[in-house]
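# Commentary on secondary and tertiary structure
For reference, the chains in residue letters:
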Amino acid sequence: MVTISEVKTGSPRENRTAAHTHIKGLGLRADGTAEKTSAGFVGQESAREACGIIVDLIKAKKMSGRAVLLAGGPGTGKTALALAISQELGTKVPFRPIVGSEIYSAEVKKTEALMENFRRAIGLRVKETKEVYEGEVTDLTPEEAENPLGGYGKTISHVIVGLKSGKGTKKLRLDPSIYESIQKERVTTGDVIYIEANTGAVKRVGRSDAYATEFDLEAEEYVPIPKGEVHKKKEIVQDVTLHDLDVANARPQGGQDIMSMMGQLMKPKKTEITDKLRAEINKVVEKYIDQGVAELVPGVLFIDEVHMLDIECFTYLNRALEAKIAPIVILASNRGICTIRGTTDISSAHGVPTDLLGRLLIVPTYPYDLTDIRTIVRIRAKTEGIDVEDAAIDRLATRGVGTSLRYALQLLTPAMILSRVAGRARIEVADVDECESLFIDAKRSAAIVERGGDAFLE
Ligand SMILES: Nc1ncnc2c1ncn2[C@@H]1O[C@H](COP(=O)(O)OP(=O)(O)O)[C@@H](O)[C@H]1O
Ligand SMILES: [Mg+2]
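Bear in mind that the values here come from a model prediction, so they are computed numbers and not experimental data. (Residues numbered from 1 in each chain as written. Chains lettered and ligands numbered in written order. Predicted model: local features only at pLDDT ≥ 70, side-chain atom pairs only at ≥ 80, totals over all residues. Heavy atoms only, no water.)

### Details of the sheet that holds strand S14 (residues 328–333)
Condition: DSSP calls a pair of strands paired once it identifies at least 2 bridges connecting them. Only runs of H or I of at least four residues qualify as helices and only runs of E of at least two qualify as strands under DSSP, and these elements are numbered from the N terminus. Angles run from 0 to 180 degrees between N-to-C directions of axes, and those axes are lines fitted to C-alpha atoms, restricted for helices to the stretch in contact.
In spatial order, the strands read S4-S13-S14-S3-S17; together these five strands make up an open sheet with parallel pairing. Of all strands in the sheet, those bounded by a partner on one side alone are strand S4 (95–99) and strand S17 (360–364). Strand-to-strand twist of the sheet, defined as the mean angle between neighbouring strand axes without regard to direction, takes the value 20°. With five bridges joining them, strand S3 (residues 67–71) and S14 adopt parallel strand pairing. Paired with Val68 across the two strands is Ile330, which belongs to S14.

### Focus: the site of ligand 1
Just so we agree on the cut-off: One heavy atom suffices: a residue is near a molecule or strand as soon as one of its heavy atoms comes within 4 Å of it. For the purposes of these results, a polar contact is taken to be a pair of N or O atoms within 3.5 Å, where, inside protein, one atom must be able to donate a hydrogen and its partner to accept one; residues adjacent in sequence count only when each atom of the pair is a side-chain atom. To measure how exposed things are, a 1.4 Å probe is used in the Shrake-Rupley method; for residues, cover is taken only from the protein chains shown. Any residue outside Ala, Val, Leu, Ile, Met, Phe, Trp, Tyr, Cys, Pro, Asp, Glu, Lys and Arg is labelled polar, Gly included; the first ten of those are nonpolar and the last four are charged. The split into domains, and so the bounds of each, comes from an automatic or database assignment of domains.
Taken together, 20 residues lie near ligand 1, and His20, Val42, Lys78, Tyr368 and Arg406 sit nearest. Measuring from an oxygen atom of ligand 1, one finds a side-chain N or O atom of His20 at 2.7 Å. Between ligand 1 and Gly77, the relevant distance is 3.1 Å, taken from an oxygen atom to a main-chain nitrogen or oxygen of the residue. Burial of ligand 1 by the protein chains amounts to 96% of its free accessible area of 560 Å². Of all the elements in the fold, those that place two or more residues in the shell around ligand 1 are strand S2 (41–42), helix H3 (78–89) and helix H13 (405–410). For the shell around ligand 1, the residue count by class is ten nonpolar, eight polar and two charged. Among the domains, domain 1 (17–121 + 299–364) and domain 3 (370–453) are the pair contributing at least three residues each to the shell around ligand 1.

### Structural notes on the pattern of salt bridges
If charged atoms from side chains of opposite charge come close, those side chains can pair. What counts is decided by this rule: Salt bridges are counted wherever a side-chain nitrogen of Lys or Arg sits within 4 Å of a carboxyl oxygen of Asp or Glu. Here's how the labels work: a residue is buried when its accessible area is under 20% of the maximum for its type, exposed when over 50%, partly exposed in between, all with a 1.4 Å probe on protein chains only.
Under the defined criterion, the tally for this structure stands at 29 salt bridges. Put simply, Arg359 and Glu322 hold a salt bridge, and the shortest N to O gap is 3.1 Å. Placement of Arg359 in the loop between helix H10 (354–357) and S17 and of Glu322 in the loop between helix H9 (311–321) and S14 is noted, with a sequence separation of 37 residues between them. For Glu322, a relative accessible area of 59% translates into the label exposed.

### Topic: the side chain of Asp246
We count it as follows: What makes two residues a contact is simply this: any of their non-hydrogen atoms within 4.5 Å.
Note on placement: Asp246 falls in helix H6 (residues 242–250). A relative accessible area of 1% means that Asp246 is categorised as buried. A polar atom in the side chain of Asp246 sits 2.6 Å from the side chain of Arg119. The contacts of Asp246, once residues within four sequence positions are left out, are Arg119, Ile273, Leu277, Arg278 and Ile281.

### With respect to the packing of aromatic side chains
How we decide: Geometry of aromatic contacts follows a simple scheme: Phe, Tyr and Trp rings, the Trp one being its six-membered ring, pair when their centres are within 6.5 Å, and the pair is stacked under 30 degrees between planes, edge-to-face over 60, tilted otherwise. Distance and angle both matter: a charge sits over a ring if NZ of Lys or CZ of Arg is within 6 Å of the ring centre and within 35 degrees of the ring normal.
In this structure the tally under the stated criterion is two aromatic pairs. Between the aromatic rings of Phe118 and Tyr316, the centroid separation amounts to 6.2 Å while the plane-to-plane angle is 85°, which identifies the pairing as edge-to-face. Of this pair, Phe118 sits in helix H4 (residues 110–120) while Tyr316 sits in helix H9, placing them 198 residues apart in sequence. With respect to burial, Phe118 and Tyr316 carry one shared label: buried. Across from the ring centre of Tyr288, 5.9 Å away, lies the NZ or CZ of Lys287, which sits over that ring. For the cation-ring pair, Arg341 lies above Tyr104, with the distance from its terminal atom to the ring centre recorded as 4.9 Å.

### What about the packing of helix H11 (residues 370–383) against helix H12 (residues 390–402)?
As a reminder of what qualifies: When an angle is under 35 degrees it counts as roughly parallel; over 145 it counts as roughly antiparallel; between 65 and 115 it counts as roughly perpendicular; any other value is oblique. A clockwise turn of the near helix away from the far one marks a right-handed crossing, whereas an anticlockwise turn of less than a right angle marks a left-handed crossing.
Viewed as axis vectors pointing N to C, H11 and H12 meet at an angle of 125°, and their least axial separation amounts to 8 Å. Looking at the two axes, H11 sits oblique to H12. Considering the relative orientation of H11 and H12, their crossing is right-handed. Facing H11, whose interface residues are Leu370, Ile373, Arg374, Val377 and Arg378, H12 presents Asp390, Ile393, Asp394, Leu396, Ala397, Thr398, Gly400 and Val401. Considering only residue class, the contact of H11 with H12 consists of seven nonpolar, two polar and four charged.

Below is the structure:
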């Protein structure tokens with residue numbers, strides 16, 4: 001007996017990307033050239049155009065196993081570019097963002113953590129034609145019977161389900177085990193569902209739109225009554241990642257369905273994702289791809305601050321990129337020449353070893369000029385709902401040129417608080433100046449440390 005449940009791959013990263021909410025895409029024209037300001041993106045035209053080509057290559061599936069490095073100083077828009085790429089790719093292509101330092105933990109080996117993230121970035125689209133009963137539920141009645149084991153309780157012997165579709169109605173007499181999955185999906189009359197004929201899996205599609213006017217405030221998805229007969233063949237498309245398959249097969253009692261096909265092949269009692277399990281899954285996946293049942297969707301693994309990886313991880317990366325099934329890897333680094341972590345004497349550009357560097361497409365990003373910073377500060381202020389007078393925006397932009405775009409953006413919120421304290425609803429130049437005396441930028445901070453070095457601990 002198989003039940004369907006959805007594998008949730010929600011992102012816990014909302015807060016980390018909040019600084020980029022104004023970025024809606026790369027802002028390119030149809031011919032691939034960048035508009036000066038579009039989709040929240042300002043300037044940095046050649047990097048945006050380069051990223052546009054990468055998006056095209058990914059969509060044409062000509063990029064898997066290749067890697068890109070976004071290289072440039074802090075606050076030059078590397079993370080913003082990567083997120084824009086993910087927006088351009090849409091939700092059907094897996095995009096897995098991590099930060100280099102994230103893979104160091106006490107519980108999991110770092111290469112193991114990398115491997116998991118690789119598999120989260122590889123999608124599989126499975127098309128299956130299934131025999132189903134589909135329609136709006138018109139009737140849902142469990143039939144009770146005396147408990148065959150004696151005793152007082154009654155048991156459910158059957159459940160009667162009435163289904164209505166565009167071309168007719170049908171009454172089905174179903175096994176009690178199916179009643180359990182109906183209850184799990186919280187199906188009530190008026191819902192549109194389908195039941196797989198072979199497995200008995202029940203899937204709730206949504207609420208029939210015939211009921212749509214009943215309540216206004218419901219968080220419901222309304223769907224039309226299915227066309228055609230109740231009993232029919234239906235093509236079901238599901239998008240999963242290899243990691244979803246790993247998890248489902250490691251814990252076979254959990255979510256299933258596409259997993260039903262995987263689960264049938266290997267009914268494992270395993271509770272841990274092992275290399276052996278992954279190898280088995282790869283084999284099955286390859287077979288399904290060959291048979292045309294499944295299609296591989298190589299997604300993107302984005303490793304921000306890649307210079308935080310050590311030599312062992314870089315070696316692993318090199319190898320993983322050569323695997324038969326590999327995602328596209330996008331790296332970002334703000335380092336110049338520096339020592340590779342985990343070594344004492346190997347130094348290399350961007351904190352990435354030369355052998356890996358040699359196989360990367362490198363996209364440089366450059367510092368912004370006054371006009372660009374002014375526009376970006378204005379866009380950010382608008383996104384955050386902060387009112388700033390023009391002169392104050394100019395002051396922030398001027399300071400941004402001397403320090404960094406990020407410093408200018410970071411002053412926005414404290415400046416707003418200072419203006420409120422002063423009883424104003426709009427940020428003025430004085431607020432920016434006061435902010436600057438309270439919060440110093442990196443350069444000034446470094447200068448203080450150098451001058452008064454004795455007061456600090458070594
Ligand atoms: N060209 C741009 N247009 C609009 N916003 C930008 C642009 N470049 C950077 N930003 C914004 O500036 C901030 C810093 O950029 P970020 O991408 O984090 O820099 P990096 O990753 O290179 O250090 C973020 O809030 C980002 O969204
Ligand atoms: Mg960044």
